[in-house]
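Single-letter residue listing:
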Amino acid sequence: MSEQIKNAKALDSVLIKPAGPDCNLSCSYCFYLEKSNLFSESSKHRMSEDVLEAIVKQVMTRAGENVSFGWQGGEPTLMGLPFFEKVIEYQKQYGKRQIVGNGLQTNGILIDKQWAHFLDSNKFLVGLSLDGPEHIHNRYRVNRSGQSTWTRVVDSAKLMLDKGVAVNALTVVNDYSVQFPQDIYEFHKELGLTFMQFIPCLEPDDDNPERTASFSVSSEEYGDFLCRLFDLWIADFEYGTPTTSVRFFDSVFYNYVGLTAPDCTLLPECGVYVVIEHNGNVYSCDFFVEPAWYLGNVMQAELSEMLNSELQKKFGKTKRKLHDQCSNCQWLKYCWGGCIKDRNHNPLDNNLTYFCHSYQKFFEHADTRLRQLAQNWQRQQIESAHKQAANVSGKKSEHKIGRNESCSCGSGIKYKNCCGVY
């Protein structure tokens, strides 16, 4: 087996934009609406059934036991329910008994009883864009007429939760919402959204790209927000176990216990997935849908080859180009310099993330507790392994294991010195 094949990334996760940048809202801070300039041949962008089939076929026939499809936008529900019924049909047609996960990120405006029934029946994980209480959500999340959307989104959340749909809250932290971490956290909990993801808003000003847009969150305030949110999260632990999930804290914890973080912004390298536009065009990342990072089209090339292409490798390695301040930072192994999108905000930053101060403030605040949690978790893993081994050794086989025989748990140690001790 060649080294190239051996180190090939598995095609086990894709992000798909079936309606491209099209959306039925006009959120002030949205970064994706402008992508319509890349597809000026049409004002309406919808994925054809041929492109959909090609994507699902390639992914299902190349993936291993577990595969994940992320459906985002714009607004993916603009495709209509029949499109997603076709998604399930193709996944079953081309699947090999894999465990398939479907994630739908939506603003909730079009969600009705039919949608809720479909999402529950097919075990979709829904990320609902909801910024918190009414005065916070309606600050920037408005429809094309400038009208508020909060009531409709909250009704959708209640409808899906009542139907048993797994729903996460996706909250953008902007210059206004950053002032209300406790209000947002408690609002989500009360609504029943105990899985939360907080995304810091950072966009350039439309009139002067060298400046930060007014709705962006400052690094100082975002650091304070994370610290307060962490305290709220910790306060809700019961018997040493979290009762709510905050994606950033969960992902950071993975790094503390030596596991691979599920959040790509906390990995040493990028390029672990690809994003597919409505017309089949494939790009390196959701934040880099632009000509420089165009990998090809699913109708002419294989997704697995594009994922492992030289251009995608180049993209992934850009994250390793760290600022000197990062290279000597004690927190590097936990944040890995953050998302490269936030390093390119100002060329003068020289690959130092805009949120560097946020992360430093957070880790200084949370490190001691995170280390304690990591130690407790690792101890529990050892205890669990010993119990499992003891259970295995306790099962009777055709002959009794001799004290000097190798233990049946597979440790390679004599039974009397391993599970025979218990």
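See above for the structure.
Residues numbered from 1 in each chain as written. Predicted model: local features only at pLDDT ≥ 70, side-chain atom pairs only at ≥ 80, totals over all residues. Heavy atoms only, no water.

What about unusual backbone geometry?
Right, on to step 1. Of the consecutive residues Gly 73 and Gly 74, the connecting peptide bond is found in the cis state with omega at 20°.
Right, on to step 2. Residue position: Gly 74 is located in the loop between β2 (66-71) and α3 (81-94).
Right, on to step 3. Even without being a glycine, Arg 97 presents a positive backbone phi close to 65°.
Right, on to step 4. Within the element layout of this structure, Arg 97 appears in the loop between α3 and β3 (99-106).
Right, on to step 5. For Arg 97, a relative accessible area of 86% gives the class exposed.
Right, on to step 6. A positive phi angle, close to 50°, is found at Trp 336, a residue other than glycine.
Right, on to step 7. Mapped onto the elements, Trp 336 comes out in the loop between α13 (332-335) and α14 (356-394).
Right, on to step 8. Of the residues examined, Trp 336 reaches a relative accessible area of 23% and is grouped as partly exposed. (Helix = DSSP H or I, 4+ residues; strand = E, 2+ residues; numbered from the N terminus. Buried < 20%, exposed > 50% of the residue type's maximum accessible area, 1.4 Å probe, protein only.)

A few points about the pairing of β2
Right, on to step 1. Here strand β1 (residues 13-16) pairs with β2 via four bridges, running parallel. The residue of β2 that forms the bridge with Leu 15 is Gly 70.
Right, on to step 2. The handedness of the β1 to β2 crossover, carried by helix α2 (residues 49-62), is right-handed.
Right, on to step 3. Where β2 lies against β3, six bridges are found, and the strand directions are parallel. Residue pairing for β3: Asn 66 is matched across the bridge by Ile 99.
Right, on to step 4. Handedness of the crossover is the feature at issue here: the chain leaves β2, passes through α3, returns alongside β3, and the resulting connection is right-handed. (Pairing = 2+ DSSP bridges. Right-handed = clockwise from strand over helix to strand, strands pointing away.)

A closer look at the layout of surface pockets
Right, on to step 1. When its volume is computed, the second largest pocket comes out at roughly 580 Å³.
Right, on to step 2. Taken together, 21 residues form the lining of the second largest pocket, with Phe 31, Glu 34, Leu 202, Glu 203 and Pro 204 sitting closest to its centre.
Right, on to step 3. Of the residues assigned to the lining of the second largest pocket, the class counts are 11 nonpolar, three polar and seven charged. (1 Å grid on protein atoms, 1.4 Å probe; cavity = no way out; pocket = protein on both sides within 12 Å on 5 of 7 lines; lining within 4 Å. Points joined across faces, edges and corners; volume = space filled by probe spheres on them. Nonpolar A, V, L, I, M, F, W, Y, C, P; charged D, E, K, R; others polar.)

Considerations on the sheet that holds strand β9 (residues 281-283)
Right, on to step 1. Spatially, 10 strands are ordered β7-β6-β5-β4-β3-β2-β1-β8-β9-β10 in an open sheet, and the strand pairing comes out mixed. This sheet does not close on itself; its edge strands, each paired only once, are β7 (245-246) and β10 (294-297).
Right, on to step 2. Sheet analysis places β3 next to strand β4 (residues 125-129), joined by four bridges and oriented parallel. Note that in β4 the partner of Gln 105 across the bridge is Gly 127.
Right, on to step 3. In the packing of helix α6 (residues 150-162) onto the sheet, contacts are made with β4 and β5 (166-173), and the angle to β4 comes to roughly 160°.
Right, on to step 4. Sitting on the sheet, helix α7 (residues 181-191) touches β5 and β6 (195-200), and the angle it makes with β6 is about 150°. (Contact = heavy atoms within 4.5 Å. Axes fitted to C-alpha atoms, helices over the stretch in contact; angles between N-to-C directions.)

As for the pairing of β5
Right, on to step 1. Along β5, six of the eight residues are buried, which leaves the element largely enclosed by surrounding structure.
Right, on to step 2. Two strands pair when backbone bridges link them, and β4 and β5 are joined in this way by five bridges, in the parallel orientation. In the strand pairing of β5, Gly 127 is matched with Asn 168.
Right, on to step 3. With five bridges joining them, β5 and β6 adopt parallel strand pairing. Each bridged residue has a counterpart across the sheet, and for Thr 171 the counterpart in β6 is Phe 198.
Right, on to step 4. Handedness of the crossover joining β5 and β6 through α7 is recorded here as right-handed.

A few points about empty space enclosed by the protein
Right, on to step 1. In this structure the tally under the stated criterion is one cavity of 30 Å³ or more.
Right, on to step 2. Estimated volume of the largest cavity: approximately 90 Å³.
Right, on to step 3. Around the largest cavity sit Gln 325, Cys 326, Cys 329, Trp 331, Leu 332, Cys 335, Gly 337, Thr 353, Cys 356, Tyr 359 and Gln 360, which together line it.
Right, on to step 4. Examining the composition of the lining of the largest cavity, we find that three residues originate from one element, α14, more than from any other.

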